[in-house]
Each structure stands twice: as C-alpha cells, then as structure tokens.
Amino acid sequence: MAAAALQIACALLYANLGEWLMHKYLLHGLGKNPGSIWAYHWYEHHRVCAEHGMLDPATAV
C-alpha cells in the first residue's frame, strides 16, 4: 500500500515538473519569438488572461 502511494506521489511530481518545464522553456522561452509556433501563448493567451483577471475563458473548465 505504501509503495503504491509513493508511486502515485512520484508520478504527480514528475507530471507537474514536466508541465512546468514545458511551460517555462517552450511557451515562455520560445514563445517570445513572434515567428515561433509557440508565440500564441505569449502574445495571445497572456493578453486574454490579463484582460480577464488571470483566467483564460477558452481554457476554463
């Protein structure tokens, strides 16, 4: 039982770390370049979030 809980905790940490790294380096790093495929995040998503109190209505669940 403890092994399963540890595996779940490690999986959650791994997934969150991966998401954070992709967000930081792909969406913010490469996204600053207007010619990049990731530029939508920097130039579109951040503008919409700023206009709606840091929430993007397109991605709200």
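Residues numbered from 1 in each chain as written. Predicted model: local features only at pLDDT ≥ 70, side-chain atom pairs only at ≥ 80, totals over all residues. Heavy atoms only, no water.

Description of the overall build of the protein chain
Moving on, step 1. Within the protein chain, the regular secondary structure consists of 2 helices and 0 strands.
Moving on, step 2. Whereas a compact globule of 61 residues would reach a radius of gyration of roughly 10 Å, the protein chain reaches 16 Å, over 25% beyond that.
Moving on, step 3. By principal-axis analysis of the C-alpha atoms, the protein chain measures approximately 50 × 25 × 15 Å.
Moving on, step 4. Taken over 61 residues, the protein chain has a buried fraction of 13%.
Moving on, step 5. For the protein chain, the exposed surface amounts to about 5,200 Å²; the carbon and sulfur share of it is 70%. (Helix = DSSP H or I, 4+ residues; strand = E, 2+ residues; numbered from the N terminus. Rg over C-alpha atoms; globule rule 2.2 N^0.38 Å. Buried < 20%, exposed > 50% of the residue type's maximum accessible area, 1.4 Å probe, protein only. Areas by Shrake-Rupley, 256 points an atom, 1.4 Å probe, with all protein chains shown as cover.)

Here we look at a nonpolar patch on the surface
Moving on, step 1. Judged by side-chain polarity, Leu17, Trp20, Leu21 and Tyr25 come together as a nonpolar surface patch covering roughly 440 Å² of accessible area.
Moving on, step 2. For Leu17, the location among the structural elements is in helix 1 (residues 2-29).
Moving on, step 3. For Leu17, a relative accessible area of 45% translates into the label partly exposed. (Patch = residues over 30% accessible without salt bridge, like charges linked within 9 Å, V, L, I, M, F, W, Y side chains within 5 Å. Salt bridge = Lys/Arg side-chain N within 4 Å of Asp/Glu carboxyl O.)

Describing the side chain of His41
Moving on, step 1. Inspection of the secondary structure puts His41 in helix 2 (residues 39-51).
Moving on, step 2. Among the polar contacts made by the side chain of His41, one reaches the side chain of His23 at a distance of 3.0 Å.
Moving on, step 3. Polar contacts involving the side chain of His41 include one to the side chain of His28, which spans 3.3 Å.
Moving on, step 4. Not counting residues within four places of it along the chain, the set of residues in contact with His41 comprises His23, Leu27, His28 and His46. (Polar contact = N/O pair within 3.5 Å; in protein donor to acceptor, adjacent residues only side chain to side chain. Contact = heavy atoms within 4.5 Å.)

Some remarks on helix 2
Moving on, step 1. End to end, helix 2 covers 18 Å across 13 residues, agreeing with the expected 18 Å (1.5 Å per residue, within 8%).
Moving on, step 2. The principal kink in helix 2, of about 30 degrees, is found at His45.
Moving on, step 3. Of the surrounding elements, those touching the buried residues of helix 2 are helix 1. (Expected span 1.5 Å × (residues − 1). Bend = angle between axes of the 7 residues up to and from the residue.)

A few points about the pattern of salt bridges
Moving on, step 1. Counted by the stated rule, this structure contains 1 salt bridge.
Moving on, step 2. Among the salt bridges present, the one from Arg47 reaches Glu51, with a minimum N-O distance of 3.4 Å. Of this pair, Arg47 and Glu51 are both found in helix 2, 4 residues apart, which corresponds to roughly one turn of the helix.
Moving on, step 3. Of the residues examined, Glu51 reaches a relative accessible area of 52% and is grouped as exposed.

Geometric descriptors of this kind do not, in isolation, establish any biological role.
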